[in-house]
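Single-letter residue listing:
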Amino acid sequence: MIWKAAGMFKKWGRKEGNKKSEDKFFTPSEWHALTLKTSEEIRRQIDFFKLEGRKVKRIKMIGRSYIHTGVYIADYVHGVIKQYEGEERQNQSLWGKIDSEIKFRREALIDQPLMVEFDNGETFEIDTPQVPNFCMTMNGIPWEIKCECNVDADILFAPCIGKRIVNVEARTYRSDKDVMTGCFFNEDHSEYELVSDLVLWFDNGYGLSIGGHLDFCGVSCIDRRNEPVFITFRELKPALSEWEDSFPEGTNYSR
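Residues numbered from 1 in each chain as written. Predicted model: local features only at pLDDT ≥ 70, side-chain atom pairs only at ≥ 80, totals over all residues. Heavy atoms only, no water.

A.B. asks: For the overall build of the protein chain, give the residues involved together with the corresponding values.
C.D. replies: When helices and strands are tallied, the protein chain shows 7 helices and 12 strands. Relative to its full complement of 255 residues, the protein chain shows a buried share of 46%. As displayed, the protein chain offers around 13200 Å² of accessible surface, 47% of which is attributable to carbon and sulfur atoms. (Helix = DSSP H or I, 4+ residues; strand = E, 2+ residues; numbered from the N terminus. Buried < 20%, exposed > 50% of the residue type's maximum accessible area, 1.4 Å probe, protein only. Areas by Shrake-Rupley, 256 points an atom, 1.4 Å probe, with all protein chains shown as cover.)

What follows is the structure, given as structure tokens:
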């Protein structure tokens, strides 16, 4: 069964002398991940990986989260603090003025794989390069790979750290069309059961939802009611790493 071997055992990258993984940035062509589309394919791969029962040690995003740039956060705050108007509202959206109790969802929007390391040292890597496709591997990317992320995933997804996976849920829908192109999958317009999100449910009742958003991957922490879990700016601030260049004085964030 070739799909198993490709997703589980193939090593990262090509031979490049003695170049260490921590000196290399992620290259999609060197990630030997299967592209999975139907719910049957995805469930079969998840079952093979045996994620249930594993305890999360840490989480890593290789690339940037597009909703954690300085400008995006300032724009979000500007939309929340409706008690202010005009210039004062703009000023209260700047880095040094943001209210520490403003709440943000524990979520990220990325376009490179999410990595989850377990307490036994193994890693699970997953990405949604384009709806409805999922790509995933076990031990397919070295943890030390050079990271360009702008937010600490261990802080952002803190409710998942140190918790054990009790269930992996594949949330499905049926469609006869490719969302990205608007074209039918087949000439007979037959439908496929596709996966919108994979949710890693933990023993504390929280879940880590991973799903496609066009050609991005959305990752979010949710509760048992499927409601988003929040983090205050005071908690989030130490996780952010783009502030020096992201908040030029005088920038207007008004809509």
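A.B. asks: Lay out the sheet that holds strand β11 (residues 216–222) in plain terms, naming residues and giving numbers.
C.D. replies: Strands pair in a sheet through their backbones, by hydrogen bonds, and they do so in one of two ways: parallel or antiparallel. Spatial ordering of the open sheet is given by β4-β11-β10-β9-β8, a layout of 5 strands whose pairing is antiparallel. Sheet topology places β4 (107–110) and β8 (165–175) at the edges, where each strand pairs with a single neighbour. Strand after strand, the sheet turns through a mean of 20 degrees between neighbouring axes, direction not considered. Here β8 runs beside strand β9 (residues 192–202); their pairing, made up of 10 bridges, is antiparallel. From the neighbouring strand, Ile 165 faces β9, where its bridge partner is Phe 202. Lying over the sheet, helix α2 (residues 39–49) contacts β8 and β9, oriented at roughly 30 degrees with respect to β9. (Pairing = 2+ DSSP bridges. Axes fitted to C-alpha atoms, helices over the stretch in contact; angles between N-to-C directions. Contact = heavy atoms within 4.5 Å.)

A.B. asks: Residue-level account of the pattern of salt bridges, with values.
C.D. replies: Pairing between side chains of opposite charge can happen when the charged atoms of each approach one another. If you walk through the whole model with that rule in mind, you get 8 salt bridges. For Lys 24, the salt bridge goes to Glu 30, with nearest N and O atoms at 2.8 Å. Lys 24 sits in the buried class, given a relative accessible area of 9%. The exposure class assigned to Glu 30 is buried, which follows from its relative accessible area of 4%. (Salt bridge = Lys/Arg side-chain N within 4 Å of Asp/Glu carboxyl O.)

A.B. asks: Describe α2, naming the residues involved and giving the relevant values.
C.D. replies: Listed in full, the buried residues belonging to α2 are Ser 39, Ile 42, Gln 45, Ile 46 and Phe 49. Relative to the axis of α2, the buried residues are bounded by an arc of 135 degrees and lie together on one face. Counted as exposed and oriented over 90 degrees from the buried face of α2: Glu 40 and Asp 47. Lys 50, located one to two residues past α2, shows a positive phi value of around 55 degrees. (Arc of directions from axis to C-beta.)

A.B. asks: Before we move on, can you summarise the side chain of Asp 127 with the specific residues and values?
C.D. replies: With respect to the secondary-structure elements, Asp 127 resides in strand β6 (residues 123–127). As a buried residue without a salt bridge, Asp 127 has its nearest oppositely charged side chain in Arg 64, at a separation of 14 Å. Those residues in contact with Asp 127 that sit more than four places away from it in its chain are Trp 31, Asp 111, Gln 112, Pro 113, Asn 133, Phe 134, Cys 135 and Cys 217. (Lys, Arg positive; Asp, Glu negative; His and termini not counted.)

A.B. asks: Describe in detail helix α3 (residues 70–80), supporting the description with residues and values.
C.D. replies: Listed in full, the buried residues belonging to α3 are Gly 70, Ile 73, Ala 74, Val 77 and His 78. Seen end-on, α3 carries its buried residues on one side only, within an arc spanning 140 degrees.

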